[in-house]
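What follows is each chain in one-letter form.
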Amino acid sequence: MQVQNLIAGQFTEPRSGEWLDIFNPATGQVFGKVPNSDAGDIDAAASAAQSAFADWSALAAADRAVHLNRLADWIERNFEELARAECDDTGKTLRQARTVDIPRAIANLRFFAALAQTWSSESHSTPNAIHYTLRQPLGVVACISPWNLPLYLFTWKIAPALAAGNCVIAKPSEITPLTAYLLCRGVQECGLPAGVLNVVHGSGATAGESLVKHLAVRAVSFTGGTKTGKLIASLLAPRFVKASLELGGKNPNVIFADCDYEPMMQTTIRSSFANQGQICLCGSRILVQRSLYARFRDDFVQRVNKMVVGDPLVETSDLGAVVSKTHLEKILGCVDWARREGGNVLVGGDIVSVTGRCQSGFFMRPTVIEGLNAACRTNQEEIFGPVVTLQPFDNLDEAVERANATRYGLSASVWTRDAATALACAEKIAAGVVWVNSWLVRDLRTPFGGMRESGLGREGGVEAMRFFTETKSICLPSR
Ligand code: TXE
């Protein structure tokens, strides 16, 4: 498998001739190469995007929507191939790719195709004048996406950018480039005009940074690590280029003793270990009211112990592989650190040997740790793997204090039957998204993003359309 860039509607190789290996994390084997593009490739993509902009932005929203829906149709027709590619590229279970990643990619394209046609801007009238607002496309925009939900987050960014009338240069993660590459076949087959969507592959330091620095780029939508987000923000600020930054999290699950126990337990297992814990919204700090703590801990540990880590293609696997050897080593290092901090590893903490085709894969047991204080490194830093900690709390004030005791603020889940407790937590917890008695229930119209070091700006619905447009107020005297 040799991934190629899509520039000006043509598949192209990197000008530098540099390539990176692509691994299947479940087998540990290299199965392809991805371009390590540089500033020259970004330049070519920027010229193509600039040339395509006049015609694309002049299309009626309904016509742009037709193009987005055609791409969604193409994903539907190639559903199994894309699900399998996502599984091979990331190590996630085929079941997750089929039920979450690929369906959501389709939904993203269809949602923004529809929104582009119904979106309207404001008009204000006074006795003397009418003031109306235009939201015009920016021109060339950059979409930089990570490896955990590759096609899901790729389409989450390109769909609103294109729907709003921009031309896009997208850079998928170099670790998981496959589904974005396959989608480029769809871009060609569906007749999206050349240059409207350009996909340039490569490492963050070469392709990513060249893209962020390119003078043609008028906005950058980024999802990834907080450290990278800070660097990108510092590169964009002097040029006053818009940035939407969706970064890391250290999300609390706050569980009160009066919660509806079984749904809470089942959802908490999912929110801890879905996608091997590699979702920015996973709850990694589980805070349990003291009177429920022992029951919760024993039950949780018992159920986690039974989770099957194995070949992602096998239907019975609950967890697949983590994304890379480097990432596996990072996660194991975090567990060692937790032990040094005095943490008690109740289950997991070690690698799993899977036999057969997966014998060299990057598998790890789901891990639960207790006995650590809120301020320790394990409870402060994003691990982004199948590792959660347990902490007891006594009352609502302490729960909120603990929930807020990190520099992040992406999401939280609150479990209680008491409406007043739920509302108080929802109001006081510093997070961009709070789920009550639920997790990862999404409505694509709602604003999505984090506060504090979890990011800047909101994606989703009209927030995304606003991000990808420039606002202009126009005044017409009426007498
Ligand atoms: O992300 P990076 P990494 C967190 C998670 C993880 C950590 C590091 O904690 O362990 O981040 O993961 C591109 N200029 N999340 O190293 O590097 C890169 O090529 C421009 C949270 O994989 O931030 C890729 O396309 N672009 C998370 C994208 O940025 C650059 C999802 C993300 O990579 C760049 C993933 C640069 N200088 C990791 N450097 C979430 N919020 O969901 C890298 N990139």
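See the structure shown above.
About the cut-offs
- Residues numbered from 1 in each chain as written.
- Predicted model: local features only at pLDDT ≥ 70, side-chain atom pairs only at ≥ 80, totals over all residues.
- Heavy atoms only, no water.
- Pairing = 2+ DSSP bridges.
- Helix = DSSP H or I, 4+ residues; strand = E, 2+ residues; numbered from the N terminus.
- Axes fitted to C-alpha atoms, helices over the stretch in contact; angles between N-to-C directions.
- Contact = heavy atoms within 4.5 Å.
- Core = buried A, V, L, I, M, F, W, Y, C linked by side-chain atoms within 4.5 Å.
- Buried < 20%, exposed > 50% of the residue type's maximum accessible area, 1.4 Å probe, protein only.
- Near = heavy atom within 4 Å.
- Polar contact = N/O pair within 3.5 Å; in protein donor to acceptor, adjacent residues only side chain to side chain.
- Nonpolar A, V, L, I, M, F, W, Y, C, P; charged D, E, K, R; others polar.

Engineer: What is the right way to read the sheet that holds strand S13 (residues 283-289) from this model?
Structural biologist: Strand-to-strand pairing in sheets goes through backbone hydrogen bonds, with the strands running parallel or antiparallel. Spatially, the seven strands line up as an open sheet ordered S14-S15-S16-S13-S12-S17-S18, and their pairing is mixed. Strand pairing shows two members of the sheet lacking a second neighbour, strand S14 (344-347) and strand S18 (433-436), which therefore form its edges. Averaged over all adjacent pairs, the angle separating strand axes in this sheet is 25°, with direction ignored. Inspection of the sheet shows S14 paired to strand S15 (residues 367-370) by three bridges, in the antiparallel sense. By the bridge assignment, Val 347 is partnered in S15 with Val 368.

Engineer: Please clarify how the environment of Arg 377 should be interpreted in this entry.
Structural biologist: Tracing the chain through its elements places Arg 377 in the loop between S15 and strand S16 (387-393). Separated by 39 residues in the primary sequence, Arg 377 and Thr 416 have C-alpha atoms spaced 28 Å apart. Not counting chain neighbours up to four residues away, the residues in contact with Arg 377 comprise Trp 337 and Glu 341.

Engineer: I keep staring at the nonpolar core and nothing clicks. Help me out?
Structural biologist: Counting 101 residues, the largest nonpolar core has Ile 75, Phe 112, Ile 158, Val 168 and Val 220 as its most contacted members. The dominant element in this core, judged by the number of residues it contributes, is helix H4 (residues 94-118), at 11 residues. Those residues in contact with Val 168 that sit more than four places away from it in its chain are Val 141, Cys 143, Ile 158, Ala 161, Leu 162, Val 196, Leu 197 and Asn 198. In this structure, Phe 273, Phe 300, Val 304 and Ala 321 belong to the second largest nonpolar core, which totals 29 residues.

Engineer: It is not clear to me how the site of the ligand should be interpreted in this structure. Could you clarify?
Structural biologist: The environment of the ligand is made up of 27 residues, and the closest members are Ser 145, Trp 147, Glu 174, Thr 228 and Glu 382. For the ligand, an oxygen atom lies 2.7 Å from a polar atom in the side chain of Thr 228. Of all elements in the fold, only helix H7 (204-213), strand S10 (217-223), helix H8 (226-236) and helix H11 (325-340) reach the threshold of two or more residues within the shell around the ligand. Among the elements that make up the shell around the ligand, the one with the highest residue count is H7 (four residues). Residues belonging to the shell around the ligand are distributed by class as follows: 11 nonpolar, 10 polar and six charged.

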